[in-house]
Amino acid sequence: MSEKPIVVVGVDGSEGSDKAAQWAAEYVRRFDGILRIVEAWQYPAAYGYEMVDPERHPERTAQQNAEKTRAALDLPAEKMSVKLLPGPPARSLIEESHNADLLVVGSRGRGAFAGMLLGSVSMHCVHNSHCPVVVVH
């Protein structure tokens, strides 16, 4: 573990990721850590090709979601950073887990089906992360 624990939290603007961010912020407060807010973004793909819609701006939406999350957390600015990553969320968070002491994700994000206990991103993170994972429900 680092001198100050590095906590990565995956966000996507959903209620589940908001809860995960609050949990991660509390952990950082208690253990004098550093919080890295991570949002992955990508253009939707259909049949293996990226579908680029000039009216849709996933990177801008990701930035807005991440900044909204940052603003909602009661942590000093020097204790938080925002990182936007192009690509699938699970792959991006697993890659970020190489440089983290803890990965925090919500149990379900935007793409979840009602009634599911774990979404695909949280399931991939639990099974493939390079650090411990907390799934917040």
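Residues numbered from 1 in each chain as written. Predicted model: local features only at pLDDT ≥ 70, side-chain atom pairs only at ≥ 80, totals over all residues. Heavy atoms only, no water.

## Considerations on the nonpolar core
Phase 1 of the analysis: Ranked by size, the top nonpolar core spans 18 residues in total, and within it V7, V9, L35, I37, L73 and V104 carry the most contacts.
Phase 2 of the analysis: Going through the elements one at a time, β1 (6-10), α1 (15-31), β2 (34-41) and β6 (102-106) are the ones with two or more residues in this core.
Phase 3 of the analysis: A total of six residues in this core trace back to one element, the largest contributor, which is α1.
Phase 4 of the analysis: Setting aside anything within four residues of it in sequence, one finds V104 in contact with V7, V8, V9, G10, A20, W23, A24, V134 and V136.
Phase 5 of the analysis: Within the second largest apolar cluster, 10 residues are counted, among which are L85, L93, I94 and A100. (Core = buried A, V, L, I, M, F, W, Y, C linked by side-chain atoms within 4.5 Å. Buried < 20%, exposed > 50% of the residue type's maximum accessible area, 1.4 Å probe, protein only. Helix = DSSP H or I, 4+ residues; strand = E, 2+ residues; numbered from the N terminus. Contact = heavy atoms within 4.5 Å.)

## Quick look at the pattern of salt bridges
Pairs can form between side chains of opposite charge once their charged atoms are near each other.
Phase 1 of the analysis: Per the stated rule, a full pass over the model turns up eight salt bridges.
Phase 2 of the analysis: Close ionic contact of R70 with E67 constitutes a salt bridge, the shortest N to O distance being 3.3 Å. Residue R70 and its partner E67 are located together in helix α2 (residues 58-72), separated by three residues, close to a single helical turn.
Phase 3 of the analysis: By relative accessible area, which is 24% here, R70 ends up partly exposed.
Phase 4 of the analysis: Looking at E67, the relative accessible area reads 32%, which means it is partly exposed. (Salt bridge = Lys/Arg side-chain N within 4 Å of Asp/Glu carboxyl O.)

## Quick look at the side chain of E39
Phase 1 of the analysis: Mapped onto the fold, E39 is located in strand β2.
Phase 2 of the analysis: Look at E39 and you get buried, because its relative accessible area is 5%.
Phase 3 of the analysis: In this structure E39 touches V11, D12, G13, A62, N65, A66, K83, L84 and L85, once residues within four positions along its chain are discounted.

## Some details on the confidence of the model for the protein
Phase 1 of the analysis: Scored by pLDDT, the protein comes out at a mean of 87, with 82% of its residues at no less than 70.
Phase 2 of the analysis: Per-element averaging of pLDDT across the protein places strand β4 (residues 49-50) at the bottom with 56 and β1 at the top with 98.
Phase 3 of the analysis: Predicted confidence for residues 112-116 stays below pLDDT 50, and this span has two contacts to residues more than four positions away or in other chains. (pLDDT = per-residue confidence, 0-100.)

## Some remarks on the sheet that holds β2
The strands making up a sheet associate through hydrogen bonds between their backbones, and the pairing can be parallel or antiparallel.
Phase 1 of the analysis: Within the open sheet, the five strands sit side by side as β5-β2-β1-β6-β7. Their pairing is parallel. In this open sheet, the two strands that pair with only one neighbour each are β5 (80-86) and β7 (133-136). Adjacent strand axes in the sheet meet at a mean angle of 25 degrees when their direction is disregarded.
Phase 2 of the analysis: For β6 and β7, the ladder comprises four bridges, and the chain directions are parallel. (Pairing = 2+ DSSP bridges. Axes fitted to C-alpha atoms, helices over the stretch in contact; angles between N-to-C directions.)

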